[in-house]
Amino acid sequence: MHPTFHIAGTSIGGYMLMLIIACVVCAFAGRRLADRFDISRRVFLLALVAAVLVGYFTAAAQSIVFELGVARWLQGGKPGLAIHGGIVGGVLAIAAIARLSKVGVRQLLDLMACVLPLGMAIARWGCLFHGCCWGKPTLFPIALIFPSFDGAARPVGVPLHATQLYL
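Residues numbered from 1 in each chain as written. Predicted model: local features only at pLDDT ≥ 70, side-chain atom pairs only at ≥ 80, totals over all residues. Heavy atoms only, no water.

### Details of the overall build of the protein
Moving on, step 1. The number of helices and strands found in the protein is five helices and two strands.
Moving on, step 2. If one aligns the C-alpha atoms of the protein with their principal axes, the spans along those axes are about 50 × 40 × 35 Å.
Moving on, step 3. Burial analysis of the protein (167 residues in total) assigns 32% to the buried set.
Moving on, step 4. Within the protein, residue pairs in contact and separated by at least 24 positions form 54% of the contacts whose partners lie at least 6 positions apart. (Helix = DSSP H or I, 4+ residues; strand = E, 2+ residues; numbered from the N terminus. Buried < 20%, exposed > 50% of the residue type's maximum accessible area, 1.4 Å probe, protein only. Contact = heavy atoms within 4.5 Å.)

### A few points about the pattern of salt bridges
Working definition: two side chains of opposite charge can pair if their charged atoms are close together.
Moving on, step 1. Applying the stated criterion across every chain, the model contains one salt bridge.
Moving on, step 2. A salt bridge links R41 to D35, with the nearest nitrogen and oxygen atoms 3.4 Å apart. (Salt bridge = Lys/Arg side-chain N within 4 Å of Asp/Glu carboxyl O.)

### Some thoughts on helix α1 (residues 14-34)
Moving on, step 1. Compared with the 30 Å implied by 1.5 Å per residue over 21 residues, the 30 Å span of α1 between its first and last C-alpha is a close match.
Moving on, step 2. Those residues of α1 that fall on the buried side of the exposure criterion are G14, L17, M18, A22, C26, A27, G30 and A34.
Moving on, step 3. Against β1 (4-7), β2 (10-13), α2 (41-68) and α5 (105-130) lie the buried residues of α1. (Expected span 1.5 Å × (residues − 1).)

### A word on the packing of α1 against α5
Moving on, step 1. Remark: α1 packs on α5, axes separated minimally by 8 Å, with the N-to-C direction vectors making an angle of 165°. The orientation of α1 with respect to α5, classified from their angle, is roughly antiparallel. Handedness of the crossing formed by α1 with α5: right-handed. (Axes fitted to C-alpha atoms, helices over the stretch in contact; angles between N-to-C directions. Parallel < 35°, antiparallel > 145°, perpendicular 65-115°, else oblique. Left-handed = near helix turned anticlockwise from the far one by under 90°.)

### Looking at the environment of L19
Moving on, step 1. Assignment of secondary structure puts L19 in helix α1.
Moving on, step 2. Residue classification places L19 among the partly exposed residues on the basis of a relative accessible area of 22%.
Moving on, step 3. Taking the C-alpha atoms as reference, L19 lies 17 Å from Y166; in sequence the two are 147 residues apart.

In structure tokens, the structure reads:
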């Protein structure tokens, strides 16, 4: 796992590549749907960018507070990303953009509810590439077995459920 892709002379990790693809797919899908929800494409794109950025930081903050620990983080520990914090932060950012743009909050959240699950499905492939979000041991024939790399915290060499792909 942990594949690195080389695109136009630049190296990018599989997790980050899938996040970028998810954002681009959501942007195109949402731009097409924005007219149906009577929302300008500019407001939609602004809300999408705000949701992604704020969601990223609140996901990291949740991981620091509840999983890694603030003390370990201050000593250089690397936080993960916790989806619940990302969702809460993203929804708050969307609501703020709706208020600032004088668009109905429910209307903008409805539009986002149409495109964000698509982005989350693509991002889960990034989790698979990164080797995070592993499941419990299983005897299921299509289990994942992670090799040892980068001080893996997950069980190594044990068949695990592919929770990254269970949506």
